[in-house]
Amino acid sequence: MTRREREELLGALAALLTLAVGGAVVAALAGDTVVPVAAVLAMAFAKGRLIILDFMEFRDSRSLLRAALIAWPCVLLTAAFARSLAVAVF
């Protein structure tokens, strides 16, 4: 691992930690409204994307597996948001 790769990986780690703490703070202070839920889910998607691209080393890959791995959190987070909307509306 070169120095540049190490610095990029540490930058991704710092971003992950920031998103994790930010998501926890927003979730703790938000209550039951839909907008903070959407913000937390967006942060969760950003964390998942960083993990897939940087820590699983798919950043330079253009394979079908990369697309499938990024689509998986999209499906799960869309289902979670739909559930939140259903609970808020009904």
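First things first, this report covers the structure right here in the doc.

What counts and what doesn't
- Residues numbered from 1 in each chain as written.
- Predicted model: local features only at pLDDT ≥ 70, side-chain atom pairs only at ≥ 80, totals over all residues.
- Heavy atoms only, no water.
- Salt bridge = Lys/Arg side-chain N within 4 Å of Asp/Glu carboxyl O.
- Helix = DSSP H or I, 4+ residues; strand = E, 2+ residues; numbered from the N terminus.
- Buried < 20%, exposed > 50% of the residue type's maximum accessible area, 1.4 Å probe, protein only.
- Expected span 1.5 Å × (residues − 1).
- Contact = heavy atoms within 4.5 Å.
- Patch = residues over 30% accessible without salt bridge, like charges linked within 9 Å, V, L, I, M, F, W, Y side chains within 5 Å.
- Areas by Shrake-Rupley, 256 points an atom, 1.4 Å probe, with all protein chains shown as cover.
- 1 Å grid on protein atoms, 1.4 Å probe; cavity = no way out; pocket = protein on both sides within 12 Å on 5 of 7 lines; lining within 4 Å.
- Points joined across faces, edges and corners; volume = space filled by probe spheres on them.

1. Quick look at the pattern of salt bridges
If you walk through the whole model with that rule in mind, you get three salt bridges. The partner of Glu 7 in a salt bridge is Arg 3, and the shortest N-O contact between them spans 3.1 Å. Here Arg 3 and Glu 7 lie together in helix α1 (residues 3-30), a separation of four residues that amounts to about one turn. Given the relative accessible area of 62%, Arg 3 is considered exposed. Glu 8 is the salt-bridge partner of Arg 4, the closest N and O atoms lying 3.4 Å from each other. Taken as a pair, Arg 4 and Glu 8 lie in helix α1 at a separation of four residues, close to a single helical turn. According to the relative accessible area criterion, Arg 4 is exposed, its value standing at 62%.

2. Brief notes about helix α2 (residues 34-55)
Relative to the 32 Å expected for 22 residues at 1.5 Å per residue, α2 spans 31 Å between its end C-alpha atoms, a close match to the ideal helical length. Close packing links the buried residues of α2 with α1 and α3 (64-89). In the stretch just after α2, Glu 57 is the one whose phi turns positive, near 60°.

3. Brief notes about a nonpolar patch on the surface
On the surface, a nonpolar cluster with roughly 540 Å² of combined accessible area is contributed by Leu 10, Leu 13, Leu 17, Ile 51, Phe 55 and Met 56. Elements supplying a minimum of two residues to the nonpolar patch: α1 and α2. In terms of residues, the nonpolar patch owes the most to one element, α1, which gives three residues. Its place among the elements puts Leu 10 in helix α1.

4. So, the layout of surface pockets
Taken as a whole, the largest pocket spans an internal volume of roughly 410 Å³. If you trace the largest pocket, you find it lined by Met 1, Thr 2, Arg 4, Glu 5, Glu 8, Leu 9, Leu 53, Asp 54, Phe 55, Glu 57, Arg 59 and Asp 60. For the lining of the largest pocket, the elements supplying multiple residues, two or more each, are α1 and α2. The greatest single-element share of the lining of the largest pocket, amounting to four residues, is contributed by α1.

5. With respect to the environment of Ala 39
Of note, Ala 39 is situated in helix α2. A relative accessible area of 29% means that Ala 39 is categorised as partly exposed. Sequence spacing of Ala 39 and Ala 68 is 29 residues, and the spatial spacing of their C-alpha atoms is 23 Å.

6. Quick notes on the environment of Val 25
Structurally, Val 25 is set in helix α1. By relative accessible area, Val 25 is classed as partly exposed at 44%. Taking the C-alpha atoms as reference, Val 25 lies 22 Å from Ala 79; in sequence the two are 54 residues apart.

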